[in-house]
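As a plain string of letters, each chain reads:
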Amino acid sequence: MERFRIGTINILNDNQELNFDGSITKEKFEVIRNHSLNIHHHIMHQELFYIFLTNYVEFNKYFESVINSFLKRENFNLLDNNLPELKYVSRNANRFLFNYLSSARTYLDHSEKYLKNKYGNNSIQFNSFKNYTSSLYDSFFEYRFIYKLRNYAQHCGLPINRLTFSVDNKDLFKQSIILNPLFLKSELKKNYKEWGKKINEDFDFQPEEISVRQIIGSYYKNIKDLNDEFIRIEKSSLNESVEYLENFQKENYSQFNVNKSTQFCIFYDFILKPVVHYHARFIFRLFIFL
């Protein structure tokens with residue numbers, strides 16, 4: 001019996017139905033698997049961007065939740081002893097920022113390695129990505145700053161140095177609370193000597209209290225734009241794989257019963273093993289490609 005059989009898996013009334021009415025060569029199987037893995041590896045790489053995005057969203061949502069918890073209190077007063085709670089907020093702010101910084105660096109490092117391994121060190125694709133990151137570094141203080149801040153956070157201390165807390169009671173019917181996490185420029189410069197000439201020059205034009213949320217918001221946009229460039233770089237390769245697999249599906253799966261839950265697959269190392277004269281056991285491994 002052929003070792004590589006094309007087939008489907010259908011879910012019918014909570015039961016799985018296997019069909020394997022066709023065969024292909026080992027060479028064809030390898031081509032299909034390579035195209036499938038090309039798409040799969042891209043999708044897995046994009047998970048790194050979504051982890052970074054999630055950390056950014058969670059950072060902002062945390063401060064919104066803290067503000068809402070204060071607003072729900074009756075007779076909230078800024079003069080109350082809120083120090084223990086604000087220390088806890090500061091600790092969480094740094095914790096969320098550590099996650100944000102780490103996921104950003106992970107995305108950048110993995111993206112470079114991914115493109116280098118796939119296309120080569122001197123490829124147009126890899127150089128396009130490197131040129132884009134260089135452009136971001138040259139054009140945006142936030143990108144330069146975060147790039148170095150991760151090293152500061154890892155080796156020197158907590159990056160968020162201050163929280164400002166204020167209440168606006170101008171509207172008699174609606175109280176407004178403002179909670180701002182801040183980088184203190186003087187503390188950053190005192191605790192870390194490796195900022196480099198360019199960022200030290202940038203610091204001359206920055207206030208003493210640098211808004212954390214403004215910095216990470218601008219940096220998020222930088223990484224989103226970079227990820228859009230990454231997808232553009234990958235587009236040709238991905239389109240080729242999608243087109244090949246879709247054509248293969250159209251040419252080889254017309255005889256199968258297909259519904260919304262159908263998974264197109266290839267059964268490989270497929271062996272029909274007799275057990276007794278009226279029984280047989282199928283042994284196979286499974287590769288799902290669409």
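Look above for the structure.
Heads up: these notes are all about the structure in this document.

Rules used throughout
Residues numbered from 1 in each chain as written. Predicted model: local features only at pLDDT ≥ 70, side-chain atom pairs only at ≥ 80, totals over all residues. Heavy atoms only, no water. Helix = DSSP H or I, 4+ residues; strand = E, 2+ residues; numbered from the N terminus. Contact = heavy atoms within 4.5 Å. Areas by Shrake-Rupley, 256 points an atom, 1.4 Å probe, with all protein chains shown as cover. Axes fitted to C-alpha atoms, helices over the stretch in contact; angles between N-to-C directions. Parallel < 35°, antiparallel > 145°, perpendicular 65-115°, else oblique. Nonpolar A, V, L, I, M, F, W, Y, C, P; charged D, E, K, R; others polar. Core = buried A, V, L, I, M, F, W, Y, C linked by side-chain atoms within 4.5 Å. Buried < 20%, exposed > 50% of the residue type's maximum accessible area, 1.4 Å probe, protein only. Salt bridge = Lys/Arg side-chain N within 4 Å of Asp/Glu carboxyl O. Left-handed = near helix turned anticlockwise from the far one by under 90°. Polar contact = N/O pair within 3.5 Å; in protein donor to acceptor, adjacent residues only side chain to side chain.

**A closer look at the overall build of the chain**
So, point 1. In terms of regular secondary structure, the chain is built from seven helices and seven strands.
So, point 2. Taken from N to C terminus, the helices and strands of the chain fall in the order β-β-α-α-α-α-β-β-α-α-β-α-β-β.
So, point 3. Taking all contacts inside the chain whose residues are at least 6 apart in sequence as the whole, residues at least 24 apart take part in 69%.
So, point 4. Of the roughly 17,100 Å² that the chain leaves accessible, carbon and sulfur atoms contribute 50%.

**Some words on the packing of helix α4 (residues 141–155) against helix α7 (residues 212–252)**
So, point 1. Between α4 and α7, the least distance of the axes is 9 Å, while the angle of their chain directions is 100°. Accordingly, the angle class assigned to the pair α4 and α7 is roughly perpendicular. Where α4 abuts α7, its residues F141, E142, Y143, F145 and I146 lie against Q214, I215, I216, S218, Y219, N222 and I223.
So, point 2. Residue composition of the contact of α4 with α7, by class: eight nonpolar, three polar and one charged.

**Some details on the nonpolar core**
So, point 1. Y100, F145, L149, F183, W195, Y219 and I223 are the most contacted members of the largest nonpolar core, which has 52 residues in total.
So, point 2. When residues of this core are traced back to their parent elements, those giving at least two are α1 (26–71), α2 (83–119), α3 (124–139), α4, β4 (176–184), α6 (197–203) and α7.
So, point 3. Per element, the largest residue contribution to this core is twelve residues, and it comes from α2.
So, point 4. Of all hydrophobic cores here, the second largest spans eleven residues; its members include F29, I32, I266 and Y268.

**Quick word on the pattern of salt bridges**
Working definition: two side chains of opposite charge can pair if their charged atoms are close together.
So, point 1. The final tally for this structure, using the stated rule, is nine salt bridges.
So, point 2. Between E229 and R232 there is a salt bridge, with its nearest N and O atoms 2.8 Å apart. One end of the pair is E229 and the other is R232, both in helix α7 and three residues apart, which spans about a single turn.
So, point 3. Among the residues examined, E229 registers a relative accessible area of 13% and is labelled buried.
So, point 4. Classification of R232 as partly exposed rests on a relative accessible area of 49%.

**Some points on the packing of α3 against α7**
So, point 1. With their axes 10 Å apart at the nearest point, α3 and α7 run at an angle of 165° to one another. With respect to α7, the element α3 is oriented roughly antiparallel. In the crossing of α3 with α7, the sense of the turn from one axis to the other is right-handed. Two secondary-structure elements touch here, α3 through Q125, S128, F129, Y132, T133 and L136 and α7 through N222, D225, L226, E229, F230, R232 and I233.
So, point 2. Of the residues belonging to the contact of α3 with α7, the class tally is six nonpolar, four polar and three charged.

**A few points about the side chain of N94**
So, point 1. With respect to the secondary-structure elements, N94 resides in helix α2.
So, point 2. Among residues more than four places away in sequence, those in contact with N94 are L158, P159 and I160.

**Section: the environment of S139**
So, point 1. Mapped onto the fold, S139 is located in helix α3.
So, point 2. A polar atom in the side chain of S139 sits 2.8 Å from the backbone oxygen of S135.

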